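Each chain, written out:
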Amino acid sequence: MPSLKAAAFMAATSLTGLTVARPALESRTAAAECAPVPAAGEYPTWEELPLQSTVPDPFLPLAYTTPDSASDVMAGKGKNRIQTPEEWYQCRQPEILQLLQEYQYGYYPDHAQETVKATRSGNTVNIEVTADGKTGQFSATLALPATSPAPVVINIGGMTNQPYLQAGIAVVGFDYTRVSSDSNAKTGAFWDIYKGRDIGTLTAWAWGFHRVLDALNATVPEIDATRVGVTGCSRLGKAALAAGLFDTRITLTMPMSSGVQGLGPYRYHGLSGQDETLENSKSGAGWWSNSGLGTFVNHAENLPYDAHTIAAALAPRALVIDQGEGDQFTNSKGTAVIVYPAAKLVYDWLGVGDQIAMSVRSGGHCDMSGFNSVLPFVTKVLLNQTITKDYNNLGTYGSPMTTAYPWATAVPHPA
């Protein structure tokens, strides 16, 4: 189970149909005064944002990320930075979630407007979602351990089931192509309901994870749906990351070999792999994200966030990142030496540094050994087991590339 600090998020706020985690704060804590946040569709364009060659300061609200002070912005010297964990949870985390929907994912549908029906037949759960008179259907498949109620890992694309089942963890999969095609065709259960919306396929697949979790809650008493991991590899790892980001019921997010639009950096993209970039990912699979991300093609350094921002927004919930040193496609080194340590600074500052982990392994892209590599951390989070594996070890990549996040020398010091 998560640490007491990580488990303490008991208050919540609504943001465009999402539930945003906020740790329970002492009653004497006054509400923070948050920076102004633009309305949907009225966010700054790339021309209105500073060019940042290093990964952006996660503590700086968008309203103060201005081009007239780019050097200060990159160095952690921007004005009106977040100063306390209370400000982070009340102001910055919700702002990041909305910013990411505007610039990358598209706006997540309002689940309050949906009706979910689930029926179980053996190890198959059939799911029907209706909203605004439209219905989408798909199913999930169960693999249950001998003991119950058990925590669960929901996956798309397949994983190594047996070690998880032997550890006492249920494994549930669903056919992501039944939720959304991996193409511009935009067919599947999600689009049967939300056809025409400017939403990326990664968000559609994330929605699939969430509706599966709804169905498990309703029909599978053998599963403890308060202990939930989500995973997938490559583009499906990007989707698992989005699933963890947009639903606080997810205890542990497990993106495997996820690359750009996942936990591969938009900046410093050529450190390893095939030099995966915003440009070639949008060219090859533009449907993964919304149209907003396309406006930053050839201007990725003007993005007011990077992959570490996405990772940090998951806190205080757990995150384990998998990358193979032999991955010929994604930028494993960039993820390991920049994204992970930059996000961990935020986790540490929030007092939940033990809830983020980096699994650097030998092997290539979507090597199934990755699931075994992260398993000890999974058992720590979902089964409250004590582990000895060092998930701060960056393997042959060595040490963090601190020059990529100069704001690290200016991490706020709460009073």
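Quick caveat, the model's predicted, so the values are computed rather than measured.

It is worth spelling out unusual backbone geometry at this point. Note the cis peptide between Ser148 and Pro149, where omega equals -5 degrees. When you line up the elements, Pro149 lands in the loop between β5 (134-143) and β6 (150-155). Look at Asn80: it is not a glycine, yet its phi comes out positive at around 60 degrees. By secondary structure assignment, the location of Asn80 is in the loop between α1 (70-74) and α2 (85-105).

To continue, consider the nonpolar core. Counting residues in hydrophobic clusters, the biggest one holds 103 residues, and the most contacted among them are Trp88, Ile154 and Phe174. Contact partners of Phe174, with chain neighbours within four places excluded, come to Phe138, Ser139, Ala140, Ile154, Asn155, Ile156, Val179, Trp205, Gly208, Phe209 and Val212.

If you walk through the whole model with that rule in mind, you get 13 salt bridges. In this structure, the salt-bridge partner of Arg227 is Asp224, at a minimum N-O distance of 2.7 Å. Of the two residues, Arg227 and Asp224, both sit in the buried class. For Lys344, the salt bridge is made with Asp348, and the minimal N-O distance between the two is 2.9 Å. On the criterion of helical spacing, the pair formed by Lys344 and Asp348 is a turn pair, its members being 4 residues apart in helix α11 (residues 332-349). Look at Lys344 and you get buried, because its relative accessible area is 17%. Members of the salt-bridge network, linked through shared partners, are Glu114, Arg211, Asp214, Asp247 and Arg249.

Taken in spatial order, the 9 strands make up an open sheet running β3-β4-β5-β7-β6-β8-β9-β10-β11, and their pairing is mixed. Each of the sheet's edge strands pairs with one partner strand only, and the pair in question is β3 (115-121) and β11 (356-361). In this sheet, neighbouring strand axes are inclined to one another by 20 degrees on average, regardless of whether the strands run parallel or antiparallel. Of the strand pairs in this sheet, strand β9 (residues 252-256) and strand β10 (residues 318-324) are connected by 3 bridges, and their pairing is parallel. Its bridge partner being in β10, Met256 is matched across the sheet by Asp322. The sheet strands contacting helix α12 (residues 369-383) are β6, β8 (223-233), β9, β10 and β11, and the helix crosses β9 at an angle near 170 degrees.

Another aspect to go through is the side chain of Thr65. Here Thr65 lies in the loop between β2 (18-23) and α1. Side-chain polar atoms of Thr65 contact the backbone oxygen of Pro61, separated by 3.0 Å. Not counting residues within four places of it along the chain, the set of residues in contact with Thr65 comprises Leu49, Pro50, Gln52, Leu60 and Val73.

Here the focus is the packing of helix α6 (residues 201-219) against helix α7 (residues 235-245). Relative to each other, α6 and α7 sit at 60 degrees, their axes nearing to 8 Å. Relative to α7, α6 is oriented oblique. In the crossing of α6 with α7, the sense of the turn from one axis to the other is right-handed. Seen from α6, the contacting residues are Leu202, Trp205, Ala206, Phe209 and His210; seen from α7, they are Arg235, Leu236, Lys238, Ala239, Ala240, Ala242 and Ala243. The class makeup of the residues in the contact of α6 with α7 is 9 nonpolar, 1 polar and 2 charged.

What follows deals with the environment of Gly208. Within the secondary structure layout, Gly208 lies in helix α6. Separated by 70 residues in the primary sequence, Gly208 and Phe138 place their C-alpha atoms 8.8 Å from one another. Look past the residues within four positions of Gly208 in its chain and what remains in contact with it is Phe138, Phe174 and Val179.

Summed over all chains, the structure comprises 19 aromatic pairs. Here Trp88 and Trp349 contribute two aromatic rings whose centre-to-centre distance is 6.4 Å and whose plane-to-plane angle is 75 degrees, an arrangement assigned as edge-to-face. Of the two residues, Trp88 sits in helix α2 while Trp349 sits in helix α11, which places them 261 residues apart along the sequence. Classification of Trp349 by relative accessible area gives buried; the value is 12%. Ring geometry for Phe138 and Trp207: centres 6.3 Å apart, planes at 40 degrees, overall tilted. Taken as a pair, Phe138 in strand β5 and Trp207 in helix α6 lie far apart in primary sequence, 69 residues in all. Accessibility assignment for this pair places Phe138 and Trp207 in one class, buried. Pairwise contacts between aromatic rings join Phe138, Phe174, Phe190, Trp191, Tyr194, Trp207 and Phe209 into one cluster.

Conventions adopted
- Residue positions are counted from 1 within each chain, in the order its sequence is given.
- In view of the model being predicted, local features appear only for residues whose pLDDT reaches at least 70, and side-chain atom pairs are presented and counted only at 80 or more, with totals across whole chains, interfaces and linings using the full set of residues.
- Side-chain measures were taken over the full set of non-hydrogen atoms in the model, leaving aside hydrogen atoms and water.
- Counting from the N terminus, the helices are the DSSP runs of H or I reaching at least four residues and the strands are the DSSP runs of E reaching at least two.
- By nonpolar core is meant a set of buried Ala, Val, Leu, Ile, Met, Phe, Trp, Tyr and Cys residues that side-chain atoms within 4.5 Å join together.
- Exposure classes here rest on a 1.4 Å probe applied to the protein chains alone. A residue is buried below 20% of its type maximum, exposed above 50%, and partly exposed in between.
- Contacts are assigned to residue pairs with any non-hydrogen atoms lying within 4.5 Å of each other.
- Salt bridge, as applied in this entry: a Lys or Arg side-chain nitrogen positioned within 4 Å of an Asp or Glu carboxyl oxygen.
- A pair of strands is considered paired only if DSSP assigns at least 2 bridges between the two.
- To obtain each axis, a line is fitted to C-alpha atoms, and for helices this fit is confined to the stretch in contact; angles are then taken between N-to-C directions over 0 to 180 degrees.
- Contacts described as polar in this section are N or O atom pairs within 3.5 Å, which, within protein, must combine one atom able to donate a hydrogen with one able to accept it, while residues neighboring in sequence count only if both atoms come from side chains.
- Put simply, angles under 35 degrees are roughly parallel, angles over 145 are roughly antiparallel, angles from 65 to 115 are roughly perpendicular, and the rest are oblique.
- For any pair of crossing helices, the crossing counts as left-handed if the nearer helix is rotated counterclockwise from the farther one by less than a right angle, and right-handed if it is rotated clockwise.
- When residue character is reported, Ala, Val, Leu, Ile, Met, Phe, Trp, Tyr, Cys and Pro are called nonpolar, Asp, Glu, Lys and Arg charged, and the others, Gly included, polar.
- Only Phe, Tyr and Trp rings take part, Trp by its six-membered ring, and two of them pair if their centres are within 6.5 Å. Stacked means planes under 30 degrees apart, edge-to-face means over 60, and tilted covers everything else.

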